[in-house]
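A structural walkthrough
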Amino acid sequence: MRAWSPVAMTPNPTSPFSDPVSRRTLLAGTVAMTVAAAGCASADGMTLPVDDAEDGTRDSSASSSTTTTDHSGVALWDHTLVHDLVLEFDQADYDAAIQAYVDSEDKVWIEATVTIDGATYQQAGIRLKGNSSLFGLRNQAGGGQAGGPGGGPGGTADSSAPETLPWLVRLDKYVDGQAHQGMHDLVIRSNNSTTAINEAVALELLGLAGLATQQAVHARLTANGRGPVLRLVIEHLDDEWDAENFTDAGVLYKAESGGDWSYRGDDHASYEDVFDQETRTDEDLLDPLLGFLDFVNNSTDSQFEGDLGNQLEVDAFATYLAFEALVDNFDDIDGPGNNSYLRWSEVTNRMTVVAWDHNLAFGGVAGAGGMPGGGAIPGGQGGQGGMPAGGGPGGGRPGSTANPLTTRWAEVAEFTAMVQAASSRLQADLYDSGAGGQIVDRITTLLTAQAADLVDAATVASDASRVSAYF
């Protein structure tokens, strides 16, 4: 097998997940994660810029004269607190957005006022986010009612309860530069448990594993006077996230749930519903993605084995596969949701598989009794100790999309040995060391103390025990 140079994934040393000291801080929970405070733009008296593309990318040409107000106070990613998040929007706009999704699955933006820990941002944008978590709304297209029997993941999604739906919040959607402590985008996640402890723990462990992850905090969410309910809020993978997590220039691509990793030729239009370019959207940078898919699908076996290390950060990918098996995440790169990002580095000319969507980690906390809009897969994984039922890392799983990268990877003995080595390391570092248990204990204490009005202690303890059983 041809040798390749050492892995060159270069996480930003300023990221809280790339520095061992910062990792220990996260683990102990003694020092809150902080984000440098930044000005928040006021929208008073502003003229709205022309709306941007249907895919939600920002209109970089939109500009406006803003008044900056310093909102110092609680750090957004301080995970020692349950934060406050309020969405206010016009009901008619909301109803139209729901109907657009029911009719065509379009996720349209609507204007909203967003308040984060007391800091208010007018003329922000919100839109539905998710796929399986919105199945209940899709059922309306067949004459059903939102919130009615789902027949699929997320079948309880209820349009009459906006506080329970998954949302993408974009503070600078209509006001150029508007941000909260430097953050423009937030994702309000769905989960099939009330507490989302499973996803919160998985995201912290992902960072401790040395992989790029998303910061996450619990928040009490109110939407148009409904609620509050307990939700998990995480970072959105955008230009800001990319700059914080990688020091080299690159591009993020997101795999769409309805697509696959097949090579469809060099026509960019053929990938419109398959992959989205998520960063540097004012440039057409799909060629690196197409070249990678061509290699994965069309290289000979000897080429794949010998040259994959020049196409992909193989050490990071082996760690990714081992991690997803360890946390029993059914819906990973080759699961039914096709959940993943690819990041191409301009420096190394290699791809990195970036993990995304862990609301089904630890068996999805199956049976925990979650909120509407959850993403549980009926009959989902319930195994313990890491290896999902139906196959090991890279081997494909029930309902999977037979990802060509994982399929071909599993056929190479040296690659599978790398996964096994990574599995042993992660088992020791994340589980046997007590790291996972400490994270669960910290979150349990937080929710019991600060969210007792939203979720009872017995539910918190039950959700926590289902995760702790893996350690």
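Notes on the structure in this doc start here.

Cut-offs and rules
- Residues numbered from 1 in each chain as written.
- Predicted model: local features only at pLDDT ≥ 70, side-chain atom pairs only at ≥ 80, totals over all residues.
- Heavy atoms only, no water.
- Helix = DSSP H or I, 4+ residues; strand = E, 2+ residues; numbered from the N terminus.
- Buried < 20%, exposed > 50% of the residue type's maximum accessible area, 1.4 Å probe, protein only.
- Contact = heavy atoms within 4.5 Å.
- Areas by Shrake-Rupley, 256 points an atom, 1.4 Å probe, with all protein chains shown as cover.
- Pairing = 2+ DSSP bridges.
- Axes fitted to C-alpha atoms, helices over the stretch in contact; angles between N-to-C directions.
- Salt bridge = Lys/Arg side-chain N within 4 Å of Asp/Glu carboxyl O.
- Expected span 1.5 Å × (residues − 1).

Secondary structure assignment for the protein chain yields 12 helices and 13 strands. Counting every position in the protein chain, which comprises 471 residues, the buried fraction comes to 55%. Of the contacts made within the protein chain by residues no fewer than 6 positions apart, 72% connect residues no fewer than 24 positions apart. Counting only carbon and sulfur atoms, one obtains 48% of the accessible surface of the protein chain, whose full area is about 17,500 Å².

With respect to topology, four strands assemble into an open sheet ordered E11-E10-E12-E13, the strand pairing being antiparallel. With one partner strand each, in any of the chains shown, strand E11 (275-277) and strand E13 (351-354) form the two edges of the open sheet. Ignoring strand direction, the axes of neighbouring strands in this sheet form an average angle of 25°. Two elements, strand E10 (residues 250-255) and strand E12 (residues 341-345), share five bridges in a ladder whose sense is antiparallel. Residue pairing across strands places Leu-252 opposite Arg-343, the latter belonging to E12.

Now for the pattern of salt bridges. In total, this model carries 14 salt bridges according to the counting rule given. Arg-189 is the partner of Glu-199 in a salt bridge, and the nearest nitrogen-oxygen pair spans 2.9 Å. Of the two residues, Glu-199 sits in helix H4 (residues 197-208) while Arg-189 sits in the loop between strand E7 (185-188) and H4, which places them 10 residues apart along the sequence. Of the two residues, Glu-199 and Arg-189, both sit in the buried class. With a closest N to O distance of 2.6 Å, Asp-242 and Arg-343 form a salt bridge. Pair noted here: Asp-242 is in helix H5 (residues 239-245) and Arg-343 is in strand E12, with a separation of 101 residues, a long-range link.

Turning next to helix H8 (residues 314-326). Its 13 residues place the ends of H8 18 Å apart at the C-alpha level, agreeing with the 18 Å of an ideal helix rising 1.5 Å per residue. Packed against the buried residues of H8 are H4, helix H7 (301-311), E13, helix H9 (404-409) and helix H10 (413-432). Phi turns positive, to about 55°, at Asp-328, one or two residues after H8.

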